[in-house]
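Survey of secondary and tertiary structure
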Amino acid sequence: MIWTVAASLLGLMALSIPVGIVLFILGIGVGEFYSAFPLLRGLGQVVWSSSSSSTLIAVPLFVLLGEILVRGGVAARTYAALDKWLSWLPGGLIHANIATATMFSATSGSSVATAATVATVAMPQAEKLKYDPKLFSGAIAAGGKLGILIPPSINLIVYGFLTETSIPQLFSAGLVPGILMALAFVVVTALICKARPALGGPSRSFTWGERLRSLVQLVPIIILFVVVIGSIYAGWATPTESAAIGVVIAALIAITLGNGLGLATIAEALHGTIRISAMIMLVIAGAYFLNFAMTSAGLGRALTELLENTGLSPLGTLLLVVLLYLILGFFIETLSLMVATIPIIVPIIAGLGYDKVWFGVLMIVLIEMALITPPVGLNLFVVQSARAKGSMNEVILGVIPFVLVMLCMVALLIAVPGLALWLPSIL
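Residues numbered from 1 in each chain as written. Predicted model: local features only at pLDDT ≥ 70, side-chain atom pairs only at ≥ 80, totals over all residues. Heavy atoms only, no water.

1. Regarding the overall build of the protein
For clarity, the cut-off: Only DSSP runs of H or I covering at least 4 residues are called helices, and only runs of E covering at least 2 are called strands; the numbering of each starts at the N terminus. Classification of residues uses two cut-offs on accessible area relative to the type maximum, computed with a 1.4 Å probe and protein chains only: under 20% is buried, over 50% is exposed, and between them is partly exposed. For this analysis, residues touch if any pair of their heavy atoms sits within 4.5 Å.
In terms of regular secondary structure, the protein is built from 20 helices and zero strands. Per-residue burial over the protein gives 54% buried out of 427 residues. Relative to all contacts within the protein whose residues are 6 or more apart in sequence, the contacts with residues 24 or more apart total 80%.

Shown next as structure tokens:
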């Protein structure tokens, strides 16, 4: 049954059927062929119970927050400000790509939206200043994927909801690894461009007066992050309430420092929010029904026995799970990979004595690679579409150094769990 379900999942997704529909089809199939009970009769109750949690209200609110910043023209001004602070480093404007992606990751929670925003703003500059397209594009794709690790993260909210884990603890656990990866991206880029200057672009210097004047574009984004995350940790607001506060602040930033919020801009932001939120909710509902069917049919028990019969130690089992995510990440999109595997994998990992908060961060880092590895890396397609020319191979080659950094982060998290657990322990 295990191999049948896995093969069916890959086969149906290869047919380009929407992921949420695939999960429902698999759930119905498991119920019909592997269960003696009419599981389909429980479909309505399962869909309702998976969709009625107040925790999930945070998802469309965080999506709307990011949409307002993107549609309101804040991205271009943020990018220009970071250019003044970072372009003196070897690699020049590439560091502004990474820094802008990091800042927007700390506000929108969506990796694809972050990559699309930075790519739209940065690509004209790359052509104007004659940057090598590989590393420049790769930095945008890799920087964009920080959106699902640095809080507020939609994927961490989904993980917390599916595993009944504290979302504030997950947010704080992802902060240090996320910032460290962003810094590592900057360091690796600088080293590469120092060794091979042709891969970067011209280093540019700005006066301190220009830099200080540009802070007016950066400070509001930092304030937004501090208010949204700080209100959660201070106990003043739940993640859902802080998301609503963030939407109001984002609107004020767009009105005062961006292009304003006209009716057309608001309509575009709401349309984008509805489209993304509907996709997420369909996937969550489908995953819940598939989990219900697999649990009723005994798949979870069968997989547990399969892993126990391998005779591996807890660390060996963890490394096997890491390898599984690395392989599946080549073929399955990020959110789909999460919701399809969490109900099965997380109970096994928790049973081995590992912390669910720590494993949540490790899982996010692993599935982040699915965003920038072919053949289904969404960020690769987003950046390539923004380039509108050249080969996808250039973007793929450009992300290789950043994938290596992420593999190092996986090893570091396994060797030093406190990297993720230190901040939750003191908050």
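2. Regarding the packing of helix H8 (residues 133-144) against helix H10 (residues 167-195)
We apply this condition: Whenever a helix is involved, its axis is fitted only over the stretch in contact; in every case the axis is a line through C-alpha atoms, and angles between N-to-C directions fall within 0 to 180 degrees. Small angles under 35 degrees read as roughly parallel and large ones over 145 as roughly antiparallel, with 65 to 115 read as roughly perpendicular and the rest as oblique. By the convention adopted, Pro, Cys, Tyr, Trp, Phe, Met, Ile, Leu, Val and Ala count as nonpolar, Lys, Arg, Asp and Glu as charged, and the other residues, Gly among them, as polar.
Contact geometry of H8 with H10 gives a least axis separation of 12 Å together with a crossing angle of 170°. Judged by the inter-axis angle, H8 sits roughly antiparallel to H10. Where H8 abuts H10, its residues Leu135, Ala142 and Gly143 lie against Phe185, Thr189, Ile192 and Cys193. Partitioning the contact of H8 with H10 into residue classes produces five nonpolar, two polar and no charged.

3. Notes on a nonpolar patch on the surface
Which entries qualify depends on this criterion: Like charges within 9 Å and nonpolar side chains (Val, Leu, Ile, Met, Phe, Trp, Tyr) within 5 Å are joined into patches, using only residues over 30% in relative accessible area that form no salt bridge. Per-residue accessibility takes into account occlusion by the displayed protein chains alone, with areas from the Shrake-Rupley method and a 1.4 Å probe. Salt bridge, as used here: a side-chain nitrogen of Lys or Arg that lies within 4 Å of a carboxyl oxygen of Asp or Glu.
A contiguous nonpolar patch, built from Leu263, Ile266, Leu270 and Ile274 and spanning about 420 Å² of accessible area, is present on the exposed surface. Within the secondary structure, leucine 270 sits in helix H13 (residues 263-297).

4. Description of the nonpolar core
Put simply, the rule is: Remark: nonpolar core denotes a set of buried residues (Ala, Val, Leu, Ile, Met, Phe, Trp, Tyr, Cys) joined through side-chain atoms within 4.5 Å.
Membership of the largest hydrophobic core comes to 125 residues, with the highest contact counts inside it found for Phe136 and Phe359. Setting aside its immediate chain neighbours within four residues, phenylalanine 136 contacts Tyr79, Leu93, Ile94, Asn97, Ala122, Met123, Ala126 and Tyr131.

5. What to know about helix H15 (residues 314-328)
For an α-helix, the turn length of 3.6 residues means that residues three or four places apart are oriented alike. So the rule is basically this: A helix is expected to span 1.5 Å multiplied by its residue count minus one.
For H15, which comprises 15 residues, the first-to-last C-alpha distance of 21 Å matches the rise-based estimate of 21 Å (1.5 Å per residue) to within 8%. Residues Gly316, Thr317, Leu318, Val321, Val322, Tyr325 and Leu328 constitute the buried set of H15.

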